[in-house]
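Commentary on secondary and tertiary structure
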Amino acid sequence: MRDFENIAFMITFVSYTIAILLNVAYFANIKGKMSGLATLFTGFGWAANTAAIIFRAINAGHLPLTNGYEFLIAFAWGIVSLYLWFEYRYRLKTVALFILPIAWFILAYVSVEMPVDQRYTIAPLMPALKSNWLSVHVATAILSYGAFALSFGLASIYLIKEYFKRQPARNLKFSGFISCMPAMELLDELSYRFITFGFFLLSMVIVSGAIWAEQAWGSYWSWDPKETWSLITWLIYGACLHARHTYDWKGRRSLVLAVIGFAAVLFTFFGVNYLLPGLHSYA
């Protein structure tokens with residue numbers, strides 16, 4: 001099963017790479033069947049990503065959400081899952097240029113920083129992870145981060161389009177690409193929706209984590225670096241939603257916060273796990 005898991009991982013990485021290249025080619029005005037092929041390879045990569053998680057679960061004998069490698073491949077899966085639903089629901093392919101590279105870089109990080117022997121070594125579960133709260137806590141985190149990734153992609157497109165709108169000369173040079181971008185009002189609205197969805201899930205992550213922490217360590221909150229940065233991320237997105245509803249912050253100001261919020265999401269995982277080890281250093 002370990003070989004199957006490795007093959008599925010490599011197929012995932014290669015498929016996402018091809019999908020990104022096809023999307024770049026499509027938006028570089030090389031038309032034809034590039035768009036459909038890009039979606040096909042994205043879906044194929046997602047299926048292989050799913051298979052890698054299933055094989056890992058079989059190999060480990062438990063839900064594969066207990067260490068850095070397992071969470072990263074699940075994180076990539078969550079991002080692409082939400083993206084595929086988004087593409088099916090809204091038919092906006094421009095977002096692929098900003099979303100798929102995030103999943104690709106996550107898997108590239110696994111490939112470069114985690115040797116094969118290290119990533120496929122399955123250690124016994126530490127006592128804190130032997131809890132039913134594991135699946136609730138980590139699964140909601142994956143979906144929450146995926147929603148924030150989508151909001152980041154939409155916010156990035158909005159900010160790029162706004163920049164070119166204020167630069168007429170450059171707008172003319174990239175007019176073909178700009179014309180493929182959705183309307184700014186739609187980008188703003190969709191980013192807000194995904195922030196709302198992600199914020200709700202992140203709230204569940206924090207609450208379920210507090211309950212789990214009380215059972216495992218006897219305290220609901222210990223100001224562990226992961227807890228602290230999860231709270232900071234929650235406050236950033238909470239401020240974004242509050243400003244939108246209370247002060248009618250829409251457009252640029254709101255979406256800049258969305259970008260800052262996703263930077264906090266990435267630091268919550270990578271920065272905290274590898275620079276500020278604590279109770280969550282196994283993640």
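Report follows, based on the coordinates. Here the structure is a predicted model, which is why all the values come from computation and not from measurement.

**Considerations on the overall build of the chain**
Scanning the chain from N- to C-terminus turns up 11 helices and 0 strands. Along the chain, from the amino end to the carboxyl end, the secondary structure elements read α-α-α-α-α-α-α-α-α-α-α. The buried share among the 283 residues of the chain stands at 49%. By sequence separation, contacts in the chain at least 24 residues apart represent 79% of the contacts at least 6 residues apart.

**Considering the pattern of salt bridges**
In this structure the tally under the stated criterion is 8 salt bridges. In this structure, the salt-bridge partner of Lys93 is Glu87, at a minimum N-O distance of 3.1 Å. Accessibility assignment for this pair places Lys93 and Glu87 in one class, buried. One salt bridge in this structure joins Asp248 and Lys250, with 4.0 Å as the shortest N-O distance.

**Side note on the side chain of Thr12**
Tracing the sequence through the fold places Thr12 in helix 1 (residues 2-27). Take Thr12: its relative accessible area is 2%, and that puts it in the buried class. Among the polar contacts made by the side chain of Thr12, one reaches the main-chain carbonyl oxygen of Ala48 at a distance of 3.5 Å. Among all residues touching Thr12, those that are not within four sequence positions of it are Gly45, Ala48, Asn49 and Leu107.

**Brief notes about the nonpolar core**
Counting 68 residues, the largest nonpolar core has Phe71, Phe86 and Val95 as its most contacted members. Put simply, the parts of the chain that give this core at least two residues each are helix 1, helix 3 (68-90), helix 4 (96-113), helix 6 (133-165), helix 9 (184-217), helix 10 (225-246) and helix 11 (252-275). Dropping the residues within four chain positions of it, Val95 is found in contact with Tyr83, Phe86, Leu150, Leu154 and Ile157.

**Quick word on helix 9**
Between the first and last C-alpha of helix 9 there are 47 Å, a value that for 34 residues agrees with the 50 Å anticipated at 1.5 Å per step. One or two residues past the end of helix 9 sits Gly218, with phi positive at roughly 80 degrees.

**Here we look at a nonpolar patch on the surface**
Judged by side-chain polarity, Phe4, Ile7, Ile11 and Phe44 come together as a nonpolar surface patch covering roughly 380 Å² of accessible area. If you tally residues by element for the nonpolar patch, the top one is helix 1, at 3 residues. Looking at the secondary structure, you find Phe44 in helix 2 (residues 34-60).

**Points about the packing of aromatic side chains**
Counting across every chain of the model gives 16 aromatic pairs. Consider the rings of Phe13 and Trp104, whose centres lie 5.3 Å apart with planes at 25 degrees: the pair is stacked. Linking Phe13 in helix 1 with Trp104 in helix 4, this pair joins segments that are 91 residues apart in sequence. Owing to a relative accessible area of 23%, Trp104 belongs among the partly exposed residues under this scheme. An aromatic cluster is built from Trp85, Phe86, Tyr90 and Phe194, whose rings are joined through pairwise contacts.

Parameters at a glance
Residues numbered from 1 in each chain as written. Predicted model: local features only at pLDDT ≥ 70, side-chain atom pairs only at ≥ 80, totals over all residues. Heavy atoms only, no water. Helix = DSSP H or I, 4+ residues; strand = E, 2+ residues; numbered from the N terminus. Buried < 20%, exposed > 50% of the residue type's maximum accessible area, 1.4 Å probe, protein only. Contact = heavy atoms within 4.5 Å. Salt bridge = Lys/Arg side-chain N within 4 Å of Asp/Glu carboxyl O. Polar contact = N/O pair within 3.5 Å; in protein donor to acceptor, adjacent residues only side chain to side chain. Core = buried A, V, L, I, M, F, W, Y, C linked by side-chain atoms within 4.5 Å. Expected span 1.5 Å × (residues − 1). Patch = residues over 30% accessible without salt bridge, like charges linked within 9 Å, V, L, I, M, F, W, Y side chains within 5 Å. Areas by Shrake-Rupley, 256 points an atom, 1.4 Å probe, with all protein chains shown as cover. Phe/Tyr/Trp six-rings, centres within 6.5 Å; stacked < 30°, edge-to-face > 60°.

Any functional reading would require information beyond the geometric quantities listed.
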